[in-house]
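# Structural overview for review
So you can see what is in the structure, the chains are spelled out below.
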Amino acid sequence: FSSYRKVRDGTMTAFGEITGSRTQKEMASMAANFALTQSANNYDAEINVLNSDAVKTYFELKQAIEATNISKDNLATQETILKNTNTKFRLGVVSNQDVLQAEISHNQASVDLAAAQSREALARMSYNIYFDFPVMQNVMPTDSMAVTEISKISLVNAIALAVKNRNEITGAAFTLKYKELNLIEVGNSYAHNSTYYHQAEADLMLAQKNYKEMPAKMELEVRRKYMDMLNSKANVDFGMLSADKAAETFRLAKLQYDMGMATLTDVQLAQAGSFSAQLQYSQNLLTLKLAVVAYEQSTTVGTYSVMF
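Residues numbered from 1 in each chain as written. Predicted model: local features only at pLDDT ≥ 70, side-chain atom pairs only at ≥ 80, totals over all residues. Heavy atoms only, no water.

## Considering the environment of Lys209
Take Lys209: it is sitting in helix H5 (residues 195–258). Taking the C-alpha atoms as reference points, Lys209 and Ala172, 37 residues apart in sequence, are found 9.4 Å from one another. (Helix = DSSP H or I, 4+ residues; strand = E, 2+ residues; numbered from the N terminus.)

Spelled out as C-alpha cells, the structure:
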C-alpha cells in the first residue's frame, strides 16, 4: 500500500498518474478552455493600457511645449511693457515705482519661462524613455491638441458595449461557474458543517454577488467617464472663451495705458490674467484628450486582465 497515497485533488497511482473526480476534471477543463479563449482579450486589455499610456505621454509633451511657447510670449510681452514704461519714465509720464513694477513683472516672466522649459525638458526625457529613444533626443510631436470634440459613441451604446465586451464581466461569469463546481467538490470531500465547506459557500456567495453587480459597476464606470468627458469639454469651451476675453482685456488695458487712461498695475493684472487663461486652456485640452480616450476604451475589453 505504500505505492498509493491520497491527495487533495485526486488519487496518485503507483504509476504516477493522477485520477481526479468528475467535478475536478470539469473544473480543470473549464479553466483550460477559459485561459485559451481569454488570452486574446487579455492581450487586447494590455494593448489598451499601452495605447492609453502612449497617448498620455505624447500629449503631455505636447502640452509642455505649448506651455513653454505661452511663457515665451508672456516674457516678450513683459519686455515690451518694460521698454515702454522706461520710455514713459524718461518722458516724465510715469513714476520710478512703475518702472520697478515693470521690472518685477519682467523678472517673474523670466522665472516662469525657466520653469516651463524645465517641465518641457522632463516631459521630453519621459517621452524618449517611454518610446525607447535616446534620453536627450530632440523630438517634436506634430499632432494638434486643438481638438475639442467629444466621442461620437453615445452613452447608451457605450454602456451596451461595455456590458458586452468588458473583461471584468467575463471574469465574473467564469469565477461564478468555477466556485459553483468548487462547492460541489468540497461537499463531496468534507462534511457540510466543516470549515472547508463554509469557506467554499462564502466564496460562492461572493462570486454570485460580484457577477450580479458587475454589469451595474461597468455601467457606473462608463457613466463616470462620460461625465468626465463632458466636464472636460465644458472646461475647454469655457477656457477658450476665457482666454479670448482675457487677451482682449489685456489689449484694451494696454491701449488705455498708452493713452494715460490706465495704470501699469491695470496692464499687469490684465496680462497676468491672459497668461493664466492661456495656460489653463492648454491644460484643459490635454484633459479632454485623455478623457475621450478613457471613455472610448471603457467600451472595449477595458484595461483589466483576468488572471486564472
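## Observations concerning the side chain of Arg166
Assignment of secondary structure puts Arg166 in the loop between helix H3 (155–165) and helix H4 (167–189). The exposure class assigned to Arg166 is buried, which follows from its relative accessible area of 3%. Those residues in contact with Arg166 that sit more than four places away from it in its chain are Leu161, Met218, Glu221, Ser298, Thr300, Val301 and Gly302. (Buried < 20%, exposed > 50% of the residue type's maximum accessible area, 1.4 Å probe, protein only. Contact = heavy atoms within 4.5 Å.)

## Quick notes on the packing of aromatic side chains
Under the counting rule described, the total for this entry stands at ten aromatic pairs. For the pair Tyr58 and Tyr127, a centre-to-centre distance of 6.2 Å together with 55° between the ring planes defines the contact as tilted. On the criterion of sequence distance, the pair formed by Tyr58 in helix H1 (residues 22–90) and Tyr127 in helix H2 (residues 96–130) is long-range, its members being 69 residues apart. Each member of the pair, Tyr58 together with Tyr127, is buried. Grouped by ring-pair contacts, the aromatic residues Tyr58, Phe59, Tyr127, Tyr130, Phe131 and Phe133 constitute a single cluster. Directly above the aromatic system of Tyr257 lies the positively charged group of Lys88, at a separation of 5.0 Å from the ring centroid. (Phe/Tyr/Trp six-rings, centres within 6.5 Å; stacked < 30°, edge-to-face > 60°. Lys NZ or Arg CZ within 6 Å of the ring centre and 35° of its normal.)

## Quick notes on the packing of H1 against helix H6 (residues 264–297)
Where H1 meets H6, the axes come as close as 10 Å, and the angle between the chain directions of the two elements is 170°. Judged by the inter-axis angle, H1 sits roughly antiparallel to H6. Across the contact of H1 with H6, the residue classes break down as twelve nonpolar, 14 polar and four charged. (Axes fitted to C-alpha atoms, helices over the stretch in contact; angles between N-to-C directions. Parallel < 35°, antiparallel > 145°, perpendicular 65-115°, else oblique. Nonpolar A, V, L, I, M, F, W, Y, C, P; charged D, E, K, R; others polar.)

## Considering the nonpolar core
Residues Leu61, Leu155, Val222, Met229 and Tyr295 are the most contacted members of the largest nonpolar core, which totals 24 residues. Within the residue set of this core, elements represented by two or more residues are H1, H2, H3, H5 and H6. Sort the elements by how many residues they give to this core and H6 lands first, with seven residues. Leaving out residues up to four positions away in the same chain, Leu61 has contacts with Glu120, Ala123, Arg124, Tyr127, Val139 and Pro141. Counting ten residues, the second largest nonpolar core, distinct from the first, contains Val94, Phe250, Ala253 and Leu264. (Core = buried A, V, L, I, M, F, W, Y, C linked by side-chain atoms within 4.5 Å.)

## So, H3
Every buried residue of H3 is listed here: Leu155, Ala158, Ile159 and Ala162. Buried residues along H3 cover an arc of 100° about the axis, so they all sit on one side. Exposed and oriented more than 90 degrees from the buried face of H3 are Val156 and Lys164. Turning to H3, the residues buried within the fold contact H4, H5 and H6. (Arc of directions from axis to C-beta.)

## Side note on the pattern of salt bridges
Inspection of every chain in the model, using the stated rule, returns ten salt bridges. Across the salt bridge formed by Arg166 and Glu221, the nearest N and O atoms sit 3.0 Å from each other. With Arg166 in the loop between H3 and H4 and Glu221 in helix H5, this residue pair connects regions lying 55 residues apart in the sequence. Under the relative-accessibility criterion, Glu221 is labelled buried at 16%. Its salt-bridge partner being Arg251, residue Glu248 comes within 2.7 Å of it at the nearest N-O pair. Of the two residues, Glu248 and Arg251 both sit in helix H5, three residues apart, roughly one turn of that helix. Several salt bridges share partner residues, and in doing so they unite Arg166, Glu168 and Glu221 into one network. (Salt bridge = Lys/Arg side-chain N within 4 Å of Asp/Glu carboxyl O.)

## What about H5?
Helix geometry: H5 is bent most strongly at Met214, by close to 40°, with proline Pro215 lying one to four residues after it. Looking one or two residues beyond H5, the residue adopting positive phi is Gly260, at roughly 75°. (Bend = angle between axes of the 7 residues up to and from the residue.)

## Considerations on a nonpolar patch on the surface
A cluster of nonpolar residues, Leu252, Leu255, Met259 and Met261, forms a patch on the protein surface that exposes about 420 Å² of accessible area. Mapped onto the elements, Met261 comes out in the loop between H5 and H6. Note on Met261: relative accessible area 60%, which makes it exposed. (Patch = residues over 30% accessible without salt bridge, like charges linked within 9 Å, V, L, I, M, F, W, Y side chains within 5 Å. Areas by Shrake-Rupley, 256 points an atom, 1.4 Å probe, with all protein chains shown as cover.)

## With respect to the confidence of the model for the protein chain
Mean pLDDT over the protein chain stands at 90; residues scoring 70 or higher make up 94%. The secondary-structure element of the protein chain with the lowest mean pLDDT is strand E1 (residues 5–7), recorded at 34, while H3 shows the highest, at 97. A low-confidence stretch, residues 1–18 (pLDDT under 50), is modelled with 28 contacts involving residues beyond four sequence positions or located in other chains. (pLDDT = per-residue confidence, 0-100.)

## Some thoughts on the packing of H1 against H2
Running from N to C, H1 and H2 cross one another at 160°; their axes reach a closest spacing of 8 Å. In terms of axis orientation, H1 runs roughly antiparallel to H2. Here the hand of the crossing between H1 and H2 comes out left-handed. (Left-handed = near helix turned anticlockwise from the far one by under 90°.)

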